[in-house]
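Structural overview
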Amino acid sequence: MEPDRHDDTDQLRVSDREREEVVELLGKATAEGRLTLDEYSERAGVAHAAQTRGELARVTRDLPDATARPAAGALAPAPEKLLAVFGNEVRKGAWPVPERIEARAVFGDCRIELHEARLPGRVTRIDAEAIFGNVTIVVAEGTDVRLTGSAIFGSKQSKLSGPVAAGAPVIEVHCRAIFGDVTVRAPRKRLW
């Protein structure tokens, strides 16, 4: 009699990176309203303690498939993702900025500093979502910022005061703020 053949991938041990990817997926599901904050906390704890792929898979079983890919021909460079859930996420310095950035703050703060960064081309798109949190985008004065979206019991505002410089890079900020704030501002002047 031949032993039953079955898939042992559920028994494979998981890496820290796999755990963090699942926690990021849980944060996104929370920002989308698929999970409550209590569910997020409970599942994130289980994900961090998971030893096998089977244990990790049970945490996201009822969520949309995170590995789904767009149809061929619709592939675009992957956006850089910043996620702050009950914490802070900061991207700053002379970093190479991708064409798209997704920033989500749920009871947390995301700050994207672009004034020292290398922008890839003429237009950079930022999708900013602040739910009981803040997303702050720091750009050099003279940058062409186009802020669109909605704010419900929150705010979306640009604190830039100078004119747009000729040939300036364009930053398109599409935002959604619910009990949160999305703010575009110039860097603060240092006092020496």
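About the criteria used
Residues numbered from 1 in each chain as written. Predicted model: local features only at pLDDT ≥ 70, side-chain atom pairs only at ≥ 80, totals over all residues. Heavy atoms only, no water. Helix = DSSP H or I, 4+ residues; strand = E, 2+ residues; numbered from the N terminus. Buried < 20%, exposed > 50% of the residue type's maximum accessible area, 1.4 Å probe, protein only. Contact = heavy atoms within 4.5 Å. Axes fitted to C-alpha atoms, helices over the stretch in contact; angles between N-to-C directions. Parallel < 35°, antiparallel > 145°, perpendicular 65-115°, else oblique. Nonpolar A, V, L, I, M, F, W, Y, C, P; charged D, E, K, R; others polar. Pairing = 2+ DSSP bridges. Expected span 1.5 Å × (residues − 1). Salt bridge = Lys/Arg side-chain N within 4 Å of Asp/Glu carboxyl O. pLDDT = per-residue confidence, 0-100.

**Here we look at the side chain of Thr136**
Along the chain, Thr136 turns up in strand S6 (residues 134–138). The exposure class assigned to Thr136 is buried, which follows from its relative accessible area of 19%. Non-local contacts of Thr136, meaning those with residues more than four positions away in its chain, are made with Cys110, Arg111, Ile112, Thr183 and Arg185.

**Describing the packing of helix H1 (residues 16–31) against helix H2 (residues 37–49)**
At their nearest, the axes of H1 and H2 sit 9 Å apart, and the two run at 175° to each other. The angle between H1 and H2 places the two elements in the roughly antiparallel class. The residues of H2 that touch H1, namely those facing Arg19, Glu20, Val22, Val23, Leu26, Gly27 and Thr30, are Leu37, Tyr40, Arg43, Ala44, Ala47 and His48. Residue classes in the contact of H1 with H2 are distributed as seven nonpolar, three polar and three charged.

**Focus: the sheet that holds strand S9 (residues 170–178)**
One open sheet holds the five strands; their spatial order is S1-S3-S5-S9-S7, and the pairing between them is parallel. Each edge of the open sheet carries a strand with a single partner, namely strand S1 (80–85) and strand S7 (144–152). The average angle at which neighbouring strand axes cross in this sheet is 10°, direction not considered. Taken strand by strand, H1 contacts S1, strand S3 (100–106), strand S5 (123–131) and S9, and its axis lies near 75° from that of S1.

**Description of H1**
Here H1 contains 16 residues, and its C-alpha end-to-end distance of 23 Å stays within 8% of the 22 Å for a straight helix at 1.5 Å per residue. Its buried side turned inward, H1 meets H2, helix H3 (53–60), S1, S3, S5 and S9.

**What to know about the pattern of salt bridges**
Per the counting criterion, the structure on display carries 13 salt bridges. The residue Glu129 makes a salt bridge to Arg176 at a minimum N-O spacing of 2.5 Å. Taken as a pair, Glu129 in strand S5 and Arg176 in strand S9 lie far apart in primary sequence, 47 residues in all. Among the charged side chains, a network of salt bridges with common partners joins Arg100, Glu102, Arg104, Arg125, Asp127, Glu129 and Arg176.

**Observations concerning the confidence of the model for the chain**
Atomic detail in the predicted coordinates should be set aside for any region of low pLDDT. Residues of the chain with pLDDT of at least 70 account for 87%, and the chain-wide mean is 82. Averaged over each element, pLDDT in the chain is lowest for H1 (81) and highest for S6 (94). Here residues 1–6 is a poorly scored stretch, pLDDT under 50, and it has zero contacts once near neighbours within four places are set aside; other chains count. Within the model, the stretch residues 67–75 combines pLDDT values under 50 with one contact to residues more than four positions away or in other chains.

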